[in-house]
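# Summary of the model geometry
Listed below, chain by chain, are the residues.
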Amino acid sequence: MTTEYNGITISPNGESGYIAEFGALVSFQSATSMMAKKPETPIESNLTRINNIAYWGADNLFPQKLTEVIRKNISYTRGLALKAEQIYGLGLEYGYESIMEGEKVFMPHYDQQIDDFLYYSENVSGGDLFGLQTKDLAYFGMIFPEFHLTVDRGKIFAIQHRPTAQCRLALQEIEGQYVGLIRDCFISANWGKGAGFQDRLTLRRPVISRGYDPAAEMRNRTDGYQYVMPVGLPSLLETYYTHPDHISIIDSKWLDVSNFIPQFKAASLKNKVAINYIIEVADWYWPAAYPEWNTLIGQNNAKSQERMKQIKTQELQKFNSFFGNLDDAGRSMLIDKKLVYSGGSGAPTEISAWTIKVLEKSKLGEDGYLEDARDAHTMIYTAIGIDESIQGKKAGTGGSNGSDKREAYNIGNLTSTPQARLILRVYDFVSRYNGWKGPDGQPIKWRVKRAEMQTKDQFSPNKRESTEPQ
């Protein structure tokens, strides 16, 4: 609940405050301060060797804190959801490639073994496996698929999706035949509670490195039946984890701007409702209405101060009983006035005992800062790589036309191909390991089904008519 201290209001989550005296909103916590600016490769030292974990962020909680920051912003959350939907397209399909009229053509295929593999993978992952992978890739730029082998190690039975936020990599080997390689992945839901790689609830999985033939490597290993293959977007500086491009919206402070505007408008609306009038009471009114007033001032003790407060409270109650029921017919209010002569023959100046000023309504709660909000929304979508028009209209504006949405959709399909290819590599790896082939021995390959929005003139006349659903 909201806490108030002598005109200073603190929000329920403790992240903002409002100083009524100055009309100032204070934000105690920014998106930047909630998380490390970027995931940095930990410095090699004896201490990190004891921990044996490559920290993701300064406190090893980069994914958790990034998720918390994203969820507090509408544009950030929706933008990443749209990015995941673009990568997903219409879902996965598998088949083989054939040459027809001199061109390579993808031919969809059916194989009961492959369908069983997808069925088992989604069951063990707890949902749409490809959907889970696209979301983690959109958020963190990495996925950690875990391959489950059959007892004879001859087949990959299923892929289990391991949430990216729960996965941490071991430090690179510094000696022996595996120098430079990452040999283990540690999986835990308790990193925020100080979990370590040796904790009872922390899972350890050997890592399949991306060498010349990872399928042959996994066949020849004997250190387990479950292996993890880290897959991530290219990173320029980081060794262990990907640094997603969209994090630039946090470092650039645009996310703070986007978060601050709703807080400011909410405080402005609250203030506008609470203070519609300023009532001024002339100092001469009190001794004129209450003969004891000057005596109370002269006494100047706790008892006299309390009595003066009682008098003011009584007056305000009388005023409020009138002012709060303006709909009652026939109401009248008597306000004292004082004549002040400035000398000479000029007319006296009238000074009212009570002066009521109606405040001009602020526009902050209606359309103030909308331009800033639109700019922040645009910058967030730009960092993610989403065209604003794809959701139907830009924030705070009228709707975009159909051609804008169509082109945004088609371009989004095209530009999301590199991210989709990262995930498809995982499935192509399974095809190679399991030896899945087409009818003439062609290797089974995977792709994302995609639809292209077209204009009406691109359809033949017999396909232009629409029918009602039966």
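Residues numbered from 1 in each chain as written. Predicted model: local features only at pLDDT ≥ 70, side-chain atom pairs only at ≥ 80, totals over all residues. Heavy atoms only, no water.

### Observations regarding the pattern of salt bridges
We apply this condition: Salt bridges, as used here, are contacts in which a Lys or Arg side-chain nitrogen is within 4 Å of a carboxyl oxygen on Asp or Glu. By the criteria applied, helices consist of DSSP H or I runs no shorter than four residues and strands consist of E runs no shorter than two, each listed in order from the N terminus. Type-normalised accessible area, obtained with a 1.4 Å probe on protein chains alone, sets the label of each residue: buried when under 20%, exposed when over 50%, and partly exposed for intermediate values.
A complete count under the given rule lists 14 salt bridges for this structure. In this structure, Glu146 engages Arg205 in a salt bridge whose closest nitrogen and oxygen atoms are separated by 3.1 Å. With a gap of 59 residues between them, Glu146 in strand E7 (residues 142-149) and Arg205 in strand E11 (residues 203-206) connect regions that are remote in the sequence. No difference in accessibility class separates Glu146 from Arg205, as the two residues are buried. Arg221 is the salt-bridge partner of Asp223, the closest N and O atoms lying 2.7 Å from each other. Residue class for Asp223 comes out partly exposed when judged on its relative accessible area of 34%. One network of salt bridges, in which partners are shared, links Glu97, Lys104 and Lys445.

### Some remarks on the sheet that holds strand E5 (residues 92-100)
Test applied: DSSP calls a pair of strands paired once it identifies at least 2 bridges connecting them. In this analysis an axis means a line fitted to C-alpha atoms, helices contributing only their contacting stretch, and an angle means the value between N-to-C directions, from 0 to 180 degrees. In this analysis, two residues are considered to be in contact whenever any of their non-hydrogen atoms come within 4.5 Å of each other.
Sheet architecture is open: three strands sit in the order E6-E5-E18, paired in antiparallel fashion. The open sheet is flanked by strand E6 (103-108) and strand E18 (445-448), the only strands paired with a single partner. Sheet twist, expressed as the mean angle between neighbouring strand axes with direction ignored, is 50°. Where E5 meets E18, four bridges bridge the pair, whose relative direction is antiparallel. Among the inter-strand pairings, Tyr94 is bridged to a residue of E18, identified as Trp446. The strands touched by helix H14 (residues 417-434) are E5 and E18; relative to E18, the strand with the most contacts, the crossing angle is about 155°.

### Remarks on the confidence of the model for the chain
Going by this rule: One number per residue, pLDDT, summarises how confident the predictor is, and it ranges from 0 to 100.
Averaged over every residue, the pLDDT of the chain is 78; the share at 70 or more is 70%. Confidence over residues 326-333 falls short of pLDDT 50; this stretch has six contacts with residues more than four positions distant or in other chains. Within the model, pLDDT remains below 50 along residues 464-470, and this stretch shows three contacts once partners closer than five positions in the same chain are excluded.

### Points about a nonpolar patch on the surface
The line we're drawing: Patch definition: residues above 30% relative accessible area lacking any salt bridge, with like charges linked at up to 9 Å and the nonpolar side chains Val, Leu, Ile, Met, Phe, Trp and Tyr linked at up to 5 Å. Each accessible area value is a Shrake-Rupley result obtained with a 1.4 Å probe; residue values ignore everything except the protein chains displayed when judging cover.
On the surface, Tyr119, Tyr120 and Phe157 cluster together into a nonpolar patch covering about 320 Å² of accessible area. Within the secondary structure, Tyr119 sits in helix H4 (residues 112-125). Assessed through its relative accessible area of 52%, Tyr119 is described here as exposed.

### Some points on the sheet that holds strand E10 (residues 184-187)
Read across the open sheet, the three strands follow the order E9-E10-E11; overall the sheet is antiparallel. Strand pairing shows two members of the sheet lacking a second neighbour, strand E9 (167-169) and E11, which therefore form its edges. Averaged over all pairs of adjacent strands, the angle between strand axes in this sheet comes to 30°, irrespective of strand direction. Here E9 pairs with E10 via three bridges, running antiparallel. Considered in E10, the bridge of Arg168 is made with Phe186.

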